[in-house]
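Chains, contacts and geometry: an overview
Chain by chain, the residues run as shown.
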Amino acid sequence: MILGLTRSWSLAGYFIAAILTLPLVALIVQATLPDQAVFSHLFNTVLPTYIANSLLLMLLVGLGTLVIATPAAWLVARCDFPFRRYFQWLLLLPLAMPAYIVAYVYTDMLDYAGPVQRTLRAWFEWQSPHDYYFPSIRSLGGAAIILSLVLFPYIYLLARTAFMEQSSSLLYASRVMGCSPWRSFWRLALPMARPALAVGVALVAMETAADFATVSYFAVPTLTTAVYDTWLGYGSLTAAAKLSAIMLLVVFSMIGVERFARRKQQLFQKQSSLNEADRYVLSPKTAWVALGYCAVLLFTAFLLPFIVLCGYAIDYFNESWDVRFWQYSLNSLYIAAIVSAVCVVLSLILMFVRRVSPRKSDHLPSRLSCTGYALPGTVLAIGVLVPLTFIDFAINDVYDWFGVRGPGLLLTGSVFALIFAFCVRFIAISIGSLENSYKRISPSLDMACITLGRTPNQLLWRVHLPLLRKGIFAGALLVFIESMKELPAALLLRPIGFENLATYVFQFVSDERLEHGALAAIVIVLVGLVPLIYLNRSLEQQG
């Protein structure tokens, strides 16, 4: 806290927060405008189906991830079985795999013309689809299974941490009272991990609500596809904003559930750490069952789709290794580089003001700036389009007033809209990284610097920046990777003729020709592995 910090720093913080929250405010305002034609038509026809499908999908994915992730987390955290240390981080890998790629791979295998049904028909001599029943993967149930396979690491990670932080004395007490490992799990470990599980389910539900590519590929109508279709199909920004407002209500409800569940999390952080001797030693048969369960989970959620992708890339290498691959990779790289640089600079200003300002109100800008991360990509895209379209029309009106032809869609038809949307969505990551780094810098360093006659600017450049280098690098890296992978906002905001790796791969998925984009898909998966490695190393250092 520095009493001499000028008001200009505070104003800069509020100005940045105002710019970054502009899409959310504009979206809410736009949603209040009348649009009787399109929205009323949707409300009377398909909107109930959109809402029901969205809620049902969130429920199924939440239950599915809970059922498959909780046993894996407990086995890895509390039991000893072969290769347990490797599964500790290997079970995080499915997060690097985009769900729409997994959906394509399994659809290719399980559809009528796929190898699974072909083999069954050959074995049992079935001649047509009328001779047998095989559930269709292109359904809401199929989408729920695919999303559960990709999103279960959210619950696995939180549950594993909760199980590891549970007190060892309670474990000993349950052993003394004659509880078997499974009875101890049901009666002790699982009830104590409920807040972490609730947080995980809320995060999974938010990710499910935000998913666009998987449900679009399976032709399952949800609110995300409704927003996309309403804007591109009907051209009604107001109706799209109203649908986005409904999605916002769902997302903020999930955030409320997450915050409610986390209010008791301090109970678990006070417990002693787990020693190797505290783990259950399973019998040989049970240990192999535990190993098999984790192996099957890893194989179905990550290894099988990745192996199939590698096969596609080898078979279609000549078709994939072309000018477009390099051009779209370059587009992704420079967009991600600009976004990460902008996010780091803005985060540094926001966190510096929050760190040194004597005014409590100056903590607000950094918190407001993080709200964009909660917005699904399609909702954020509509929120960005509203103010940028207004500015574009205002500029053209000024040109018309002078009798000169206007420039047209100066902002909404350019890369600027894409960069702005990515900054709004991902600046929370760099703010979080810098916040974590600032906690390691003693406040006495700030006071010593000011006592020696240095100004706040010199404090930032000569003291904070050198000590924040790791946090700045980590934040920039994570923002860079997320920008490379972001799809829904890029689909809605990309300029005409502009593609990046994510939109390029999704086009092949939509055209049922992922084989030709497999090389680009592998790049996206490998890039997605970097934050998982960083996350795992951070958890190991904290442990």
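Just so we're clear, the structure is a prediction, and the values are computed from it rather than from any experiment.

So, on to the overall build of the protein chain. When its secondary structure is counted, the protein chain shows 26 helices and 2 strands. Computed over its C-alpha atoms, the radius of gyration of the protein chain comes to 25 Å, within 12% of the 24 Å expected for a compact globule of 543 residues. For the protein chain, the spread of C-alpha atoms along the principal axes amounts to about 80 × 65 × 50 Å. In the protein chain, which comprises 543 residues, the proportion classed as buried is 52%. Seen as two clouds, the 38 positive and the 29 negative side-chain charges of the protein chain have centres 16 Å apart.

Taken as a whole, this structure holds 26 aromatic pairs when the rule is applied. Here F212 and Y228 contribute two aromatic rings whose centre-to-centre distance is 4.6 Å and whose plane-to-plane angle is 40 degrees, an arrangement assigned as tilted. Pair noted here: F212 is in the loop between α10 (194-210) and α11 (213-217) and Y228 is in helix α12 (residues 223-234), with a separation of 16 residues, a long-range link. Residue F212 shares its accessibility class with Y228, and that shared class is buried. One aromatic cluster is present, built from ring pairs that chain together W74, F163, F185, W186 and Y280. One Lys or Arg, K242, reaches over the ring of F39 and ends 5.8 Å from the middle of that ring. Over the ring of Y373 we find R425, and its NZ or CZ is 5.8 Å from the ring centre.

With that settled, consider the UniProt feature "domain: ABC transmembrane type-1" (unreviewed entry) in the protein chain. As recorded in UniProt, the sites labelled "domain: ABC transmembrane type-1" (unreviewed entry) are residues 51-256 and 329-535. From the first C-alpha to the last, residues 51-256 spans 19 Å; its make-up is 77% helix and 1% strand.

What follows concerns the layout of surface pockets. Gaps left between atoms are located by rolling a probe of water-molecule size over the structure's atoms. Approximately 350 Å³ is the volume found for the second largest pocket. The wall of the second largest pocket is formed by 16 residues, among which T412, G413, L492, R494 and I496 lie closest to the centre. When residues of the lining of the second largest pocket are traced back to their parent elements, those giving at least two are α12, α19 (377-401) and α24 (488-493). With 3 residues, the single largest contributor to the lining of the second largest pocket is α24.

Next up on the list: empty space enclosed by the protein. Evaluated as defined, the whole model comprises 2 cavities of 30 Å³ or more. Around the largest cavity, the lining residues are S54, L57, M58, T208, A209, D211, V215, T222, L223, T224, M247 and V250. Within the residue set of the lining of the largest cavity, elements represented by two or more residues are α3 (47-78), α10, α12 and α13 (237-262). Looking at the lining of the largest cavity, the element that brings in the most residues is α3, giving 3 residues. Among the residues making up the lining of the largest cavity, the classes are represented as 7 nonpolar, 4 polar and 1 charged.

Under the criterion given, the structure shown has 7 salt bridges. Taking the shortest distance from any N to any O, the salt bridge between R138 and E512 comes out at 2.9 Å. Here the residue R138 occupies a position in the loop between α6 (115-124) and α7 (140-165), and E512 occupies one in the loop between α25 (501-510) and α26 (518-542), the gap between them amounting to 374 residues. A salt bridge links R494 to E499; the shortest N-O distance between them is 2.8 Å.

Glancing now at the nonpolar core. Judged by nonpolar contacts, the single largest core of 171 residues is most densely connected at F81, L91, Y100, Y156, F163, L309 and V505. Those residues within four positions of L309 in sequence are excluded, and the remaining contacts are M97, I101, L514, A518, A521, I522 and V525.

For the rest of this paragraph, the subject is unusual backbone geometry. At A219, a position not held by glycine, the phi torsion is positive, near 60 degrees. Mapped onto the secondary structure, A219 falls in the loop between α11 and α12. On the basis of relative accessibility, which here comes to 63%, the residue A219 falls in the exposed class. For E512, which is not a glycine, the phi torsion comes out positive at approximately 60 degrees.

What follows covers the packing of helix α5 (residues 99-110) against helix α15 (residues 284-315). The contact between α5 and α15 brings their axes to 10 Å, and the two run at 80 degrees. Taken together, α5 and α15 sit at an angle that is classed as roughly perpendicular. Facing α5, whose interface residues are I101, V102, Y104, V105, Y106, D108 and M109, α15 presents T300, L304, P305, V308, L309 and Y312. In terms of residue class, the contact of α5 with α15 is made up of 11 nonpolar, 1 polar and 1 charged.

On the surface, a cluster of nonpolar side chains totalling about 590 Å² of accessible area is made up of V398, Y399, W401, F402 and V404. Relative to the helices and strands, Y399 is located in helix α19. Judged by relative accessible area, which is 35%, Y399 ranks as partly exposed.

How two helices sit against one another is set out by the angle between their axes and by the gap between those axes. Running from N to C, helix α17 (residues 323-356) and helix α23 (residues 469-485) point in directions that differ by 140 degrees, and their axes come no closer than 8 Å. Regarding the angle of α17 to α23, the classification is oblique. Judged by the twist between their axes, the crossing of α17 over α23 is right-handed. When α17 is examined against α23, the residues S332, L333, A336, A337, V339, S340, C343, V344 and L348 are found in contact with a partner set consisting of I472, A476, V479, F480, S483 and M484. Residue composition of the contact of α17 with α23, grouped by class: 12 nonpolar, 3 polar and no charged.

Note that Y154 resides in helix α7. Placed 43 residues apart in sequence, Y154 and L197 show a C-alpha to C-alpha distance of 9.4 Å. Aside from chain neighbours lying at most four places away, what touches Y154 is L95, L203, V204 and E207.

Calculation notes
Residues numbered from 1 in each chain as written. Predicted model: local features only at pLDDT ≥ 70, side-chain atom pairs only at ≥ 80, totals over all residues. Heavy atoms only, no water. Helix = DSSP H or I, 4+ residues; strand = E, 2+ residues; numbered from the N terminus. Rg over C-alpha atoms; globule rule 2.2 N^0.38 Å. Buried < 20%, exposed > 50% of the residue type's maximum accessible area, 1.4 Å probe, protein only. Lys, Arg positive; Asp, Glu negative; His and termini not counted. Charge placed at Lys NZ, Arg CZ, Asp CG, Glu CD. Phe/Tyr/Trp six-rings, centres within 6.5 Å; stacked < 30°, edge-to-face > 60°. Lys NZ or Arg CZ within 6 Å of the ring centre and 35° of its normal. UniProt positions renumbered as here; feature names shortened; annotations may be inferred. 1 Å grid on protein atoms, 1.4 Å probe; cavity = no way out; pocket = protein on both sides within 12 Å on 5 of 7 lines; lining within 4 Å. Points joined across faces, edges and corners; volume = space filled by probe spheres on them. Nonpolar A, V, L, I, M, F, W, Y, C, P; charged D, E, K, R; others polar. Salt bridge = Lys/Arg side-chain N within 4 Å of Asp/Glu carboxyl O. Core = buried A, V, L, I, M, F, W, Y, C linked by side-chain atoms within 4.5 Å. Contact = heavy atoms within 4.5 Å. Axes fitted to C-alpha atoms, helices over the stretch in contact; angles between N-to-C directions. Parallel < 35°, antiparallel > 145°, perpendicular 65-115°, else oblique. Patch = residues over 30% accessible without salt bridge, like charges linked within 9 Å, V, L, I, M, F, W, Y side chains within 5 Å. Areas by Shrake-Rupley, 256 points an atom, 1.4 Å probe, with all protein chains shown as cover. Left-handed = near helix turned anticlockwise from the far one by under 90°.

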